[in-house]
Amino acid sequence: MTEILRLEGLTKLYKGKEGLKRAVDNVSFTVNKGEIFGLLGPNGAGKTSTIKCICGLLKFEEGEIFIKDNSIKENRSKGLRHISAVLEGNRNIYWRMTVSENLNFFAGINGLSKRSIANRMAYLLEAFQLTEERNKIVNHLSRGMKQKVAIAISLITDKDIILLDEPTLGLDVGMSQEMRIILRKIAKEEGKTILLSTHDMKVVEETCDRLVIINKGKVVAYDTMENLKKLFNQLIYRIVLDKNLTPKARSELKHYINSDINEEEVELRLSLQSPNELFGILSLLQQEALGLLALDRLNMSFEEIFMNLIREAEGDEISI
Amino acid sequence: MKYLYSFLAMCMKEWIEWKRYWFNSIIGLIIYMIVFISIFTGAQYIGQNNFALGESMEGFLIGYALWFMAMGAMSDTANSIVDEARKGTLEQLYMTEIPFTWLLISKNIISTLIYIVIFFLIINVQMLFTGISLNIDAISIFITLFIGLFSLYGIGLVLAGIGLVFKKVQSLLGATQFILIGIMIIPSVEAPLVKLLPFTYTRHMIMSIMREGKGLLGFSSVDYFYLVGISTLYLALGLAAYRIAEAQSLKKGMLGQY
(Lines give C-alpha, C1' and ligand atoms only; values in the text may rest on other atoms or scores of the structure.)
Protein backbone atom coordinates (compact mmCIF):
# COMPACT_ATOMS: atom_id res chain seq x y z
CA MET A 1 0.00 0.00 0.00
CA THR A 2 1.22 3.50 -0.81
CA GLU A 3 1.65 5.81 2.11
CA ILE A 4 -0.05 9.15 1.50
CA LEU A 5 0.04 10.88 4.88
CA ARG A 6 2.57 10.55 7.67
CA LEU A 7 2.67 12.13 11.11
CA GLU A 8 5.94 11.92 13.00
CA GLY A 9 5.95 12.86 16.67
CA LEU A 10 3.36 15.59 16.23
CA THR A 11 3.15 17.75 19.33
CA LYS A 12 0.87 20.73 19.82
CA LEU A 13 1.12 22.85 22.95
CA TYR A 14 -1.47 25.31 24.22
CA LYS A 15 -0.83 27.94 26.81
CA GLY A 16 -3.30 27.61 29.65
CA LYS A 17 -3.74 29.02 33.12
CA GLU A 18 -1.75 26.12 34.51
CA GLY A 19 1.10 26.51 32.04
CA LEU A 20 1.68 24.66 28.79
CA LYS A 21 -0.75 21.88 28.00
CA ARG A 22 0.07 19.12 25.51
CA ALA A 23 -3.07 18.90 23.39
CA VAL A 24 -1.31 16.56 20.96
CA ASP A 25 1.58 14.66 22.46
CA ASN A 26 4.07 12.90 20.20
CA VAL A 27 1.46 11.45 17.86
CA SER A 28 2.74 9.33 14.96
CA PHE A 29 0.84 7.34 12.37
CA THR A 30 0.65 6.79 8.64
CA VAL A 31 -2.37 6.69 6.36
CA ASN A 32 -2.31 4.67 3.16
CA LYS A 33 -3.83 5.60 -0.17
CA GLY A 34 -7.48 4.61 -0.56
CA GLU A 35 -8.15 3.64 3.04
CA ILE A 36 -10.60 5.03 5.54
CA PHE A 37 -8.58 5.85 8.59
CA GLY A 38 -10.23 6.66 11.90
CA LEU A 39 -9.03 9.07 14.51
CA LEU A 40 -10.94 8.10 17.58
CA GLY A 41 -11.00 9.53 21.05
CA PRO A 42 -13.20 11.07 23.70
CA ASN A 43 -14.00 14.79 23.74
CA GLY A 44 -10.87 16.84 24.27
CA ALA A 45 -8.56 13.98 23.24
CA GLY A 46 -6.80 16.10 20.61
CA LYS A 47 -8.57 14.85 17.48
CA THR A 48 -9.55 18.23 16.07
CA SER A 49 -6.14 19.71 16.91
CA THR A 50 -4.48 16.84 15.02
CA ILE A 51 -6.73 17.37 11.98
CA LYS A 52 -6.17 21.12 12.03
CA CYS A 53 -2.40 20.58 12.15
CA ILE A 54 -2.69 18.36 9.07
CA CYS A 55 -4.75 21.03 7.29
CA GLY A 56 -2.18 23.70 8.12
CA LEU A 57 -4.72 25.60 10.21
CA LEU A 58 -2.81 25.08 13.42
CA LYS A 59 0.91 25.58 13.90
CA PHE A 60 2.55 22.80 15.85
CA GLU A 61 5.62 22.96 18.02
CA GLU A 62 7.28 19.61 17.44
CA GLY A 63 7.19 16.80 14.91
CA GLU A 64 6.43 16.71 11.21
CA ILE A 65 3.53 16.07 8.88
CA PHE A 66 4.16 14.78 5.38
CA ILE A 67 1.46 14.81 2.74
CA LYS A 68 2.62 12.85 -0.28
CA ASP A 69 6.14 13.40 1.06
CA ASN A 70 5.67 17.18 1.20
CA SER A 71 6.41 18.62 4.62
CA ILE A 72 3.52 20.80 5.73
CA LYS A 73 5.94 22.75 7.92
CA GLU A 74 8.27 23.60 5.05
CA ASN A 75 5.79 23.95 2.20
CA ARG A 76 2.24 24.31 3.42
CA SER A 77 0.68 25.17 0.06
CA LYS A 78 2.26 22.18 -1.69
CA GLY A 79 0.81 19.88 0.96
CA LEU A 80 -2.60 21.53 0.78
CA ARG A 81 -2.80 20.71 -2.93
CA HIS A 82 -3.76 17.19 -1.93
CA ILE A 83 -6.13 17.90 0.94
CA SER A 84 -9.66 19.06 1.45
CA ALA A 85 -11.57 18.99 4.68
CA VAL A 86 -14.90 19.33 6.38
CA LEU A 87 -14.27 20.73 9.82
CA GLU A 88 -16.59 20.68 12.82
CA GLY A 89 -19.69 19.22 11.26
CA ASN A 90 -20.66 21.32 8.26
CA ARG A 91 -19.23 24.73 8.93
CA ASN A 92 -17.45 24.87 5.59
CA ILE A 93 -20.48 26.06 3.66
CA TYR A 94 -22.17 29.36 3.04
CA TRP A 95 -25.66 28.91 4.39
CA ARG A 96 -27.08 31.84 2.42
CA MET A 97 -25.93 30.44 -0.91
CA THR A 98 -27.51 27.60 -2.87
CA VAL A 99 -25.98 24.15 -3.13
CA SER A 100 -24.64 24.72 -6.65
CA GLU A 101 -23.43 28.24 -5.81
CA ASN A 102 -21.42 26.76 -2.94
CA LEU A 103 -19.93 24.06 -5.16
CA ASN A 104 -19.03 26.59 -7.85
CA PHE A 105 -17.54 29.01 -5.34
CA PHE A 106 -15.28 26.48 -3.63
CA ALA A 107 -14.12 25.11 -6.96
CA GLY A 108 -13.42 28.66 -8.12
CA ILE A 109 -11.34 29.71 -5.13
CA ASN A 110 -9.29 26.60 -5.68
CA GLY A 111 -8.53 27.84 -9.17
CA LEU A 112 -10.99 25.70 -11.13
CA SER A 113 -13.25 27.08 -13.83
CA LYS A 114 -17.00 26.57 -13.84
CA ARG A 115 -16.78 24.65 -17.10
CA SER A 116 -14.09 22.27 -15.88
CA ILE A 117 -16.15 21.15 -12.90
CA ALA A 118 -19.53 20.89 -14.64
CA ASN A 119 -19.38 17.12 -15.07
CA ARG A 120 -17.97 16.50 -11.62
CA MET A 121 -20.62 18.71 -10.06
CA ALA A 122 -23.40 16.79 -11.83
CA TYR A 123 -21.84 13.51 -10.68
CA LEU A 124 -21.55 14.63 -7.05
CA LEU A 125 -25.08 16.03 -6.97
CA GLU A 126 -26.33 12.72 -8.28
CA ALA A 127 -24.15 10.62 -5.96
CA PHE A 128 -25.25 12.58 -2.90
CA GLN A 129 -28.88 12.72 -4.05
CA LEU A 130 -28.75 16.49 -4.13
CA THR A 131 -29.79 17.10 -7.73
CA GLU A 132 -33.26 18.29 -6.75
CA GLU A 133 -31.80 20.50 -4.04
CA ARG A 134 -29.15 22.11 -6.24
CA ASN A 135 -30.93 25.47 -6.38
CA LYS A 136 -32.06 25.52 -2.78
CA ILE A 137 -30.45 27.82 -0.26
CA VAL A 138 -28.38 25.67 2.11
CA ASN A 139 -29.98 27.22 5.18
CA HIS A 140 -33.30 25.69 4.11
CA LEU A 141 -31.91 22.16 4.05
CA SER A 142 -31.97 19.63 6.89
CA ARG A 143 -28.87 19.05 8.98
CA GLY A 144 -28.16 15.78 7.20
CA MET A 145 -28.49 17.44 3.80
CA LYS A 146 -26.15 20.23 4.87
CA GLN A 147 -23.64 17.61 5.90
CA LYS A 148 -23.92 15.97 2.49
CA VAL A 149 -23.37 19.35 0.82
CA ALA A 150 -20.31 19.92 3.00
CA ILE A 151 -18.81 16.59 1.97
CA ALA A 152 -19.70 17.17 -1.68
CA ILE A 153 -17.83 20.50 -1.49
CA SER A 154 -14.77 18.74 -0.12
CA LEU A 155 -14.88 16.43 -3.15
CA ILE A 156 -15.51 19.01 -5.86
CA THR A 157 -11.80 19.82 -6.18
CA ASP A 158 -11.00 16.12 -6.62
CA LYS A 159 -8.17 16.06 -4.08
CA ASP A 160 -6.60 12.84 -2.84
CA ILE A 161 -7.18 13.13 0.90
CA ILE A 162 -10.43 14.10 2.56
CA LEU A 163 -10.34 15.03 6.22
CA LEU A 164 -13.66 14.82 8.02
CA ASP A 165 -14.05 16.11 11.54
CA GLU A 166 -17.04 14.46 13.22
CA PRO A 167 -18.96 13.80 9.98
CA THR A 168 -21.98 12.29 11.73
CA LEU A 169 -22.21 14.74 14.61
CA GLY A 170 -25.82 15.63 15.34
CA LEU A 171 -27.28 13.40 12.62
CA ASP A 172 -30.21 11.12 13.32
CA VAL A 173 -29.80 7.34 13.08
CA GLY A 174 -31.02 7.10 9.48
CA MET A 175 -28.91 9.94 8.20
CA SER A 176 -25.88 8.70 10.12
CA GLN A 177 -26.24 5.33 8.41
CA GLU A 178 -26.58 7.01 5.03
CA MET A 179 -23.44 9.01 5.76
CA ARG A 180 -21.52 5.80 6.52
CA ILE A 181 -22.62 4.37 3.16
CA ILE A 182 -21.51 7.58 1.43
CA LEU A 183 -18.09 7.45 3.08
CA ARG A 184 -17.52 3.87 1.95
CA LYS A 185 -18.66 4.82 -1.54
CA ILE A 186 -16.21 7.73 -1.72
CA ALA A 187 -13.32 5.50 -0.71
CA LYS A 188 -14.29 2.62 -2.96
CA GLU A 189 -15.56 4.33 -6.11
CA GLU A 190 -13.50 7.50 -6.00
CA GLY A 191 -10.36 5.93 -4.58
CA LYS A 192 -10.10 8.73 -2.06
CA THR A 193 -8.25 8.48 1.21
CA ILE A 194 -10.44 9.48 4.12
CA LEU A 195 -9.21 10.45 7.54
CA LEU A 196 -12.10 10.94 9.86
CA SER A 197 -12.21 11.97 13.46
CA THR A 198 -15.15 10.86 15.52
CA HIS A 199 -16.29 9.55 18.82
CA ASP A 200 -19.09 7.62 17.10
CA MET A 201 -18.11 3.97 17.46
CA LYS A 202 -20.60 2.85 14.85
CA VAL A 203 -18.92 5.01 12.21
CA VAL A 204 -15.51 3.61 13.09
CA GLU A 205 -16.70 0.04 13.30
CA GLU A 206 -18.52 0.11 9.97
CA THR A 207 -16.25 2.27 7.87
CA CYS A 208 -12.65 2.34 9.06
CA ASP A 209 -9.94 0.03 7.81
CA ARG A 210 -7.43 1.17 10.41
CA LEU A 211 -7.52 3.56 13.26
CA VAL A 212 -5.60 5.36 15.89
CA ILE A 213 -7.15 5.92 19.29
CA ILE A 214 -5.95 8.97 21.14
CA ASN A 215 -6.64 10.12 24.65
CA LYS A 216 -5.31 13.24 26.34
CA GLY A 217 -3.24 13.88 23.23
CA LYS A 218 -1.44 10.53 23.30
CA VAL A 219 -1.78 7.50 21.07
CA VAL A 220 -3.47 4.71 23.02
CA ALA A 221 -3.85 2.21 20.19
CA TYR A 222 -2.94 2.12 16.52
CA ASP A 223 -3.95 -0.89 14.48
CA THR A 224 -6.47 -2.35 12.08
CA MET A 225 -10.09 -2.62 13.23
CA GLU A 226 -9.84 -6.37 13.08
CA ASN A 227 -6.79 -6.60 15.34
CA LEU A 228 -8.19 -4.19 17.87
CA LYS A 229 -11.34 -6.25 18.11
CA LYS A 230 -9.33 -9.46 18.48
CA LEU A 231 -7.49 -7.93 21.42
CA PHE A 232 -10.52 -8.14 23.62
CA ASN A 233 -13.32 -10.26 22.33
CA GLN A 234 -11.94 -13.78 22.66
CA LEU A 235 -12.21 -14.88 26.23
CA ILE A 236 -14.96 -13.07 27.97
CA TYR A 237 -17.67 -15.17 29.51
CA ARG A 238 -20.89 -14.27 31.25
CA ILE A 239 -22.03 -16.55 34.03
CA VAL A 240 -25.40 -16.26 35.75
CA LEU A 241 -25.79 -18.08 39.09
CA ASP A 242 -28.89 -19.03 41.05
CA LYS A 243 -27.61 -17.34 44.20
CA ASN A 244 -24.90 -15.07 45.48
CA LEU A 245 -21.27 -16.10 45.51
CA THR A 246 -20.02 -17.72 48.70
CA PRO A 247 -17.03 -16.03 50.40
CA LYS A 248 -14.73 -18.85 49.24
CA ALA A 249 -15.94 -18.66 45.61
CA ARG A 250 -15.68 -14.87 45.66
CA SER A 251 -12.14 -15.07 46.93
CA GLU A 252 -11.03 -17.71 44.41
CA LEU A 253 -12.68 -16.07 41.40
CA LYS A 254 -11.53 -12.61 42.29
CA HIS A 255 -8.63 -12.52 39.84
CA TYR A 256 -10.88 -13.52 36.91
CA ILE A 257 -13.44 -10.83 37.61
CA ASN A 258 -12.59 -7.32 36.52
CA SER A 259 -15.84 -5.61 37.37
CA ASP A 260 -16.65 -4.83 40.97
CA ILE A 261 -18.54 -7.54 42.78
CA ASN A 262 -21.05 -6.68 45.42
CA GLU A 263 -22.88 -8.96 47.78
CA GLU A 264 -25.89 -9.18 45.49
CA GLU A 265 -23.91 -10.20 42.41
CA VAL A 266 -25.38 -13.20 40.61
CA GLU A 267 -24.15 -12.34 37.13
CA LEU A 268 -20.41 -12.41 36.57
CA ARG A 269 -18.22 -11.39 33.66
CA LEU A 270 -15.01 -13.36 33.59
CA SER A 271 -11.89 -12.69 31.61
CA LEU A 272 -9.93 -15.88 31.02
CA GLN A 273 -6.48 -16.61 29.65
CA SER A 274 -7.63 -19.98 28.28
CA PRO A 275 -11.05 -21.60 27.79
CA ASN A 276 -9.74 -24.56 29.83
CA GLU A 277 -9.90 -22.40 32.92
CA LEU A 278 -13.65 -22.80 32.73
CA PHE A 279 -13.34 -26.42 34.02
CA GLY A 280 -11.82 -25.25 37.31
CA ILE A 281 -14.34 -22.45 37.69
CA LEU A 282 -17.34 -24.69 37.09
CA SER A 283 -15.96 -27.28 39.50
CA LEU A 284 -15.54 -24.59 42.18
CA LEU A 285 -19.10 -23.39 41.65
CA GLN A 286 -20.33 -26.99 41.98
CA GLN A 287 -18.37 -27.50 45.21
CA GLU A 288 -19.93 -24.37 46.64
CA ALA A 289 -23.40 -25.56 45.67
CA LEU A 290 -23.99 -22.67 43.29
CA GLY A 291 -26.35 -23.45 40.45
CA LEU A 292 -25.52 -22.32 36.92
CA LEU A 293 -28.38 -20.55 35.13
CA ALA A 294 -26.49 -19.33 32.05
CA LEU A 295 -23.05 -19.40 30.51
CA ASP A 296 -22.28 -17.31 27.38
CA ARG A 297 -19.22 -16.21 25.52
CA LEU A 298 -19.43 -12.45 24.90
CA ASN A 299 -18.43 -10.50 21.86
CA MET A 300 -17.32 -7.10 23.00
CA SER A 301 -18.70 -4.13 21.19
CA PHE A 302 -16.18 -1.73 19.82
CA GLU A 303 -17.41 0.79 22.35
CA GLU A 304 -16.32 -1.50 25.19
CA ILE A 305 -12.94 -2.07 23.56
CA PHE A 306 -12.53 1.67 23.21
CA MET A 307 -13.47 2.36 26.81
CA ASN A 308 -11.08 -0.31 28.02
CA LEU A 309 -8.22 1.11 26.03
CA ILE A 310 -8.93 4.56 27.38
CA ARG A 311 -9.10 3.27 30.97
CA GLU A 312 -5.96 1.25 30.46
CA ALA A 313 -4.15 4.33 29.22
CA GLU A 314 -5.31 6.27 32.24
CA GLY A 315 -3.97 3.53 34.50
CA ASP A 316 -7.34 2.23 35.63
CA GLU A 317 -8.31 -1.39 35.90
CA ILE A 318 -9.90 -2.75 32.72
CA SER A 319 -13.52 -3.60 33.15
CA ILE A 320 -15.24 -6.37 31.29
CA MET B 1 -5.44 31.13 -14.77
CA LYS B 2 -5.99 29.73 -11.29
CA TYR B 3 -5.76 33.24 -9.84
CA LEU B 4 -8.23 34.54 -12.41
CA TYR B 5 -10.77 31.80 -11.59
CA SER B 6 -10.44 32.48 -7.89
CA PHE B 7 -10.98 36.19 -8.56
CA LEU B 8 -14.07 35.40 -10.60
CA ALA B 9 -15.35 33.13 -7.84
CA MET B 10 -14.96 35.98 -5.34
CA CYS B 11 -16.82 38.29 -7.77
CA MET B 12 -19.63 35.76 -8.06
CA LYS B 13 -19.92 35.43 -4.28
CA GLU B 14 -20.02 39.20 -3.76
CA TRP B 15 -22.74 39.52 -6.39
CA ILE B 16 -24.79 36.67 -4.91
CA GLU B 17 -24.53 38.12 -1.42
CA TRP B 18 -25.50 41.56 -2.68
CA LYS B 19 -28.51 40.05 -4.43
CA ARG B 20 -29.56 38.17 -1.29
CA TYR B 21 -29.11 41.20 0.99
CA TRP B 22 -30.25 43.92 -1.46
CA PHE B 23 -32.89 45.12 0.99
CA ASN B 24 -30.24 45.82 3.63
CA SER B 25 -28.07 47.69 1.11
CA ILE B 26 -31.00 49.79 -0.12
CA ILE B 27 -32.08 50.62 3.44
CA GLY B 28 -28.50 51.69 4.21
CA LEU B 29 -28.55 54.06 1.26
CA ILE B 30 -31.99 55.44 2.19
CA ILE B 31 -30.87 56.12 5.77
CA TYR B 32 -27.77 57.80 4.42
CA MET B 33 -29.88 60.05 2.21
CA ILE B 34 -32.29 60.90 5.05
CA VAL B 35 -29.37 61.93 7.28
CA PHE B 36 -27.87 63.93 4.44
CA ILE B 37 -31.15 65.72 3.69
CA SER B 38 -31.61 66.49 7.40
CA ILE B 39 -28.14 67.99 7.72
CA PHE B 40 -28.48 69.90 4.46
CA THR B 41 -31.93 71.29 5.31
CA GLY B 42 -30.76 72.16 8.82
CA ALA B 43 -27.75 74.00 7.42
CA GLN B 44 -29.93 75.98 5.04
CA TYR B 45 -32.36 76.81 7.82
CA ILE B 46 -29.74 78.28 10.12
CA GLY B 47 -28.19 80.04 7.17
CA GLN B 48 -24.77 78.58 7.49
CA ASN B 49 -22.97 77.60 4.39
CA ASN B 50 -19.58 76.93 5.87
CA PHE B 51 -19.50 74.24 8.48
CA ALA B 52 -18.45 70.81 9.61
CA LEU B 53 -17.55 68.46 6.78
CA GLY B 54 -15.89 70.96 4.47
CA GLU B 55 -15.18 74.56 3.77
CA SER B 56 -18.31 74.95 1.66
CA MET B 57 -21.55 73.23 0.82
CA GLU B 58 -19.80 71.58 -2.15
CA GLY B 59 -17.13 70.40 0.22
CA PHE B 60 -19.73 69.07 2.59
CA LEU B 61 -21.51 67.24 -0.19
CA ILE B 62 -18.33 65.53 -1.41
CA GLY B 63 -16.94 65.01 2.09
CA TYR B 64 -20.10 63.36 3.31
CA ALA B 65 -20.28 61.00 0.30
CA LEU B 66 -16.60 60.16 0.70
CA TRP B 67 -17.06 59.53 4.41
CA PHE B 68 -19.94 57.15 3.73
CA MET B 69 -17.91 55.28 1.15
CA ALA B 70 -14.75 55.25 3.27
CA MET B 71 -16.63 53.89 6.26
CA GLY B 72 -18.02 51.08 4.14
CA ALA B 73 -14.65 50.25 2.60
CA MET B 74 -12.82 50.20 5.92
CA SER B 75 -15.35 48.20 7.87
CA ASP B 76 -15.98 45.86 4.93
CA THR B 77 -12.58 44.15 5.22
CA ALA B 78 -12.74 43.82 9.01
CA ASN B 79 -16.37 42.75 9.05
CA SER B 80 -16.00 40.20 6.28
CA ILE B 81 -13.01 38.45 7.90
CA VAL B 82 -14.63 38.45 11.33
CA ASP B 83 -17.88 37.22 9.77
CA GLU B 84 -16.10 34.39 7.93
CA ALA B 85 -14.39 33.39 11.19
CA ARG B 86 -17.74 33.38 12.98
CA LYS B 87 -19.38 31.24 10.32
CA GLY B 88 -16.43 28.86 10.15
CA THR B 89 -15.75 29.45 6.48
CA LEU B 90 -12.50 31.37 7.08
CA GLU B 91 -10.70 28.09 7.73
CA GLN B 92 -11.89 26.81 4.35
CA LEU B 93 -10.54 29.90 2.63
CA TYR B 94 -7.20 29.27 4.32
CA MET B 95 -7.11 25.71 3.04
CA THR B 96 -7.10 26.57 -0.64
CA GLU B 97 -4.00 26.40 -2.79
CA ILE B 98 -4.50 30.06 -3.63
CA PRO B 99 -3.01 32.22 -0.88
CA PHE B 100 -5.58 33.86 1.37
CA THR B 101 -3.97 37.26 0.73
CA TRP B 102 -4.94 36.95 -2.93
CA LEU B 103 -8.53 36.13 -2.03
CA LEU B 104 -8.57 39.13 0.27
CA ILE B 105 -7.15 41.46 -2.38
CA SER B 106 -9.69 40.08 -4.89
CA LYS B 107 -12.46 40.85 -2.48
CA ASN B 108 -11.12 44.37 -1.94
CA ILE B 109 -10.91 45.06 -5.66
CA ILE B 110 -14.53 43.98 -6.08
CA SER B 111 -15.63 45.99 -3.05
CA THR B 112 -13.79 49.04 -4.39
CA LEU B 113 -15.68 48.84 -7.66
CA ILE B 114 -18.99 48.51 -5.81
CA TYR B 115 -18.21 51.44 -3.49
CA ILE B 116 -17.19 53.66 -6.39
CA VAL B 117 -20.49 52.90 -8.15
CA ILE B 118 -22.32 53.76 -4.90
CA PHE B 119 -20.30 56.96 -4.62
CA PHE B 120 -21.33 58.05 -8.11
CA LEU B 121 -24.92 57.14 -7.39
CA ILE B 122 -25.20 59.09 -4.15
CA ILE B 123 -23.25 62.09 -5.36
CA ASN B 124 -25.63 62.40 -8.32
CA VAL B 125 -28.71 62.10 -6.10
CA GLN B 126 -27.21 64.73 -3.77
CA MET B 127 -26.57 67.09 -6.66
CA LEU B 128 -30.10 66.57 -7.87
CA PHE B 129 -31.49 67.30 -4.44
CA THR B 130 -29.34 70.29 -3.56
CA GLY B 131 -29.07 71.82 -7.01
CA ILE B 132 -25.31 72.04 -6.51
CA SER B 133 -23.26 71.30 -9.60
CA LEU B 134 -20.01 69.40 -9.35
CA ASN B 135 -17.48 68.28 -11.93
CA ILE B 136 -18.16 64.58 -12.48
CA ASP B 137 -15.04 63.53 -14.33
CA ALA B 138 -15.80 59.84 -14.06
CA ILE B 139 -12.38 58.54 -15.15
CA SER B 140 -10.39 60.87 -12.89
CA ILE B 141 -12.62 60.18 -9.90
CA PHE B 142 -12.63 56.45 -10.54
CA ILE B 143 -8.85 56.12 -10.79
CA THR B 144 -8.18 58.35 -7.79
CA LEU B 145 -10.70 56.55 -5.62
CA PHE B 146 -9.61 53.12 -6.79
CA ILE B 147 -6.05 53.80 -5.68
CA GLY B 148 -6.97 55.80 -2.59
CA LEU B 149 -9.37 53.27 -1.10
CA PHE B 150 -6.55 50.77 -0.62
CA SER B 151 -5.17 52.89 2.21
CA LEU B 152 -8.45 52.28 4.03
CA TYR B 153 -8.30 48.58 3.31
CA GLY B 154 -4.94 48.65 5.09
CA ILE B 155 -6.65 50.05 8.18
CA GLY B 156 -9.42 47.49 7.70
CA LEU B 157 -6.80 44.74 7.71
CA VAL B 158 -5.37 46.00 11.00
CA LEU B 159 -8.87 45.91 12.47
CA ALA B 160 -9.48 42.45 11.01
CA GLY B 161 -6.23 41.24 12.59
CA ILE B 162 -7.30 42.64 15.94
CA GLY B 163 -10.65 40.91 15.40
CA LEU B 164 -8.96 37.57 14.74
CA VAL B 165 -7.01 37.69 17.99
CA PHE B 166 -9.24 39.66 20.34
CA LYS B 167 -12.55 38.84 18.63
CA LYS B 168 -14.83 41.82 19.32
CA VAL B 169 -14.03 44.78 17.06
CA GLN B 170 -17.40 46.50 16.81
CA SER B 171 -16.53 49.23 19.32
CA LEU B 172 -13.23 49.82 17.57
CA LEU B 173 -15.01 50.08 14.24
CA GLY B 174 -17.40 52.58 15.81
CA ALA B 175 -14.48 54.69 16.99
CA THR B 176 -12.90 54.72 13.54
CA GLN B 177 -16.03 56.44 12.17
CA PHE B 178 -15.07 59.53 14.15
CA ILE B 179 -11.44 59.33 13.07
CA LEU B 180 -12.68 59.27 9.48
CA ILE B 181 -14.85 62.33 10.09
CA GLY B 182 -11.67 64.03 11.31
CA ILE B 183 -9.91 63.05 8.10
CA MET B 184 -12.80 64.36 5.98
CA ILE B 185 -12.83 67.81 7.58
CA ILE B 186 -9.11 68.49 7.45
CA PRO B 187 -9.09 71.69 5.37
CA SER B 188 -5.63 71.39 3.87
CA VAL B 189 -2.96 68.80 3.22
CA GLU B 190 -0.07 71.23 3.45
CA ALA B 191 1.27 69.94 6.76
CA PRO B 192 3.60 66.99 6.11
CA LEU B 193 2.05 64.78 8.78
CA VAL B 194 -1.46 65.39 7.46
CA LYS B 195 -0.39 64.12 4.05
CA LEU B 196 0.59 60.84 5.64
CA LEU B 197 -2.84 60.16 7.10
CA PRO B 198 -4.79 57.49 5.24
CA PHE B 199 -7.15 58.74 2.53
CA THR B 200 -6.43 62.42 3.28
CA TYR B 201 -4.58 62.96 0.05
CA THR B 202 -7.22 61.04 -1.89
CA ARG B 203 -9.88 63.29 -0.44
CA HIS B 204 -7.81 66.33 -1.34
CA MET B 205 -7.46 65.16 -4.96
CA ILE B 206 -11.15 64.23 -5.26
CA MET B 207 -12.08 67.70 -3.98
CA SER B 208 -9.79 69.22 -6.61
CA ILE B 209 -11.39 67.17 -9.38
CA MET B 210 -14.97 67.78 -8.37
CA ARG B 211 -14.78 71.37 -7.23
CA GLU B 212 -11.97 72.86 -9.26
CA GLY B 213 -12.48 70.78 -12.37
CA LYS B 214 -8.98 69.33 -12.32
CA GLY B 215 -8.35 66.23 -14.42
CA LEU B 216 -5.81 63.47 -14.00
CA LEU B 217 -3.34 65.43 -16.12
CA GLY B 218 -3.74 68.44 -13.86
CA PHE B 219 -2.01 66.69 -10.95
CA SER B 220 1.72 66.70 -10.47
CA SER B 221 3.91 63.65 -10.02
CA VAL B 222 4.20 64.63 -6.35
CA ASP B 223 0.43 64.30 -6.04
CA TYR B 224 0.56 60.82 -7.53
CA PHE B 225 3.52 59.95 -5.36
CA TYR B 226 1.45 60.76 -2.27
CA LEU B 227 -1.70 59.06 -3.60
CA VAL B 228 0.00 55.80 -4.56
CA GLY B 229 2.66 55.92 -1.85
CA ILE B 230 0.25 56.40 1.03
CA SER B 231 -2.12 53.71 -0.23
CA THR B 232 0.77 51.29 -0.68
CA LEU B 233 2.17 52.18 2.74
CA TYR B 234 -1.10 51.60 4.59
CA LEU B 235 -1.92 48.47 2.63
CA ALA B 236 1.54 47.08 3.41
CA LEU B 237 1.19 48.03 7.08
CA GLY B 238 -2.26 46.45 7.15
CA LEU B 239 -1.02 43.26 5.53
CA ALA B 240 1.94 43.08 7.93
CA ALA B 241 -0.29 43.62 10.96
CA TYR B 242 -2.75 41.05 9.63
CA ARG B 243 0.08 38.55 9.10
CA ILE B 244 1.18 38.95 12.73
CA ALA B 245 -2.38 38.43 13.94
CA GLU B 246 -2.82 35.50 11.57
CA ALA B 247 0.33 33.82 12.93
CA GLN B 248 -1.01 34.23 16.46
CA SER B 249 -4.35 32.87 15.38
CA LEU B 250 -2.77 29.87 13.65
CA LYS B 251 -0.73 29.17 16.78
CA LYS B 252 -3.73 29.30 19.05
CA GLY B 253 -6.14 27.66 16.59
CA MET B 254 -8.49 30.62 16.61
CA LEU B 255 -9.21 31.00 12.89
CA GLY B 256 -12.51 29.22 13.24
CA GLN B 257 -13.59 30.81 16.48
CA TYR B 258 -15.45 33.98 17.20
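Keep in mind the model is a prediction, meaning the values are calculated, not measured. (Residues numbered from 1 in each chain as written. Chains lettered and ligands numbered in written order. Predicted model: local features only at pLDDT ≥ 70, side-chain atom pairs only at ≥ 80, totals over all residues. Heavy atoms only, no water.)

Draft legend 1. How the structure looks around the overall build of chain A. Along its length, chain A carries eleven helices and 13 strands. Within chain A, the fraction of its 320 residues that count as buried is 54%. For chain A, restricting intrachain contacts to residue pairs at least 6 apart in sequence, the fraction spanning at least 24 positions comes to 69%. Of the roughly 14,700 Å² that chain A leaves accessible, carbon and sulfur atoms contribute 46%. (Helix = DSSP H or I, 4+ residues; strand = E, 2+ residues; numbered from the N terminus. Buried < 20%, exposed > 50% of the residue type's maximum accessible area, 1.4 Å probe, protein only. Contact = heavy atoms within 4.5 Å. Areas by Shrake-Rupley, 256 points an atom, 1.4 Å probe, with all protein chains shown as cover.)

Draft legend 2. Layout of the environment of R81 of chain A. Tracing the backbone through its elements, the reader meets R81 of chain A in the loop between α2 (76-80) and β6 (83-86). Along the backbone, R81 of chain A and I67 of chain A are 14 residues apart, and their C-alpha atoms lie at a distance of 9.2 Å. Once you skip the residues sitting within four places of it in the chain, R81 of chain A turns out to touch K159 of chain A together with E97 of chain B.

Draft legend 3. Representation of the interface of chain B and chain A in the model. The interface is formed by 33 residues belonging to chain B together with 36 residues belonging to chain A. Roughly 2,900 Å² is buried in total at the junction of chain B and chain A, and carbon and sulfur atoms are behind 60% of that figure. At the junction of chain B and chain A, the tally comes to three salt bridges. Between R20 of chain B and E101 of chain A there is a salt bridge, with its nearest N and O atoms 3.0 Å apart. Linking chain B with chain A are nine residue pairs in polar contact (both at pLDDT 80 or more), by the criterion used here. At the level of secondary structure, the elements contributing two or more residues to the side of chain B that touches chain A comprise α1 (2-20), α3 (57-87), α4 (89-94) and α10 (221-252) of chain B. Tallying contributions element by element places α1 of chain B first for the side of chain B that touches chain A, with ten residues. Grouping the constituent residues of the side of chain B that touches chain A by class yields 15 nonpolar, seven polar and eleven charged. (Buried area = accessible area lost by both parts, 1.4 Å probe. Salt bridge = Lys/Arg side-chain N within 4 Å of Asp/Glu carboxyl O. Polar contact = N/O pair within 3.5 Å; in protein donor to acceptor, adjacent residues only side chain to side chain. Nonpolar A, V, L, I, M, F, W, Y, C, P; charged D, E, K, R; others polar.)

Any link to function would need more than the numbers given here.
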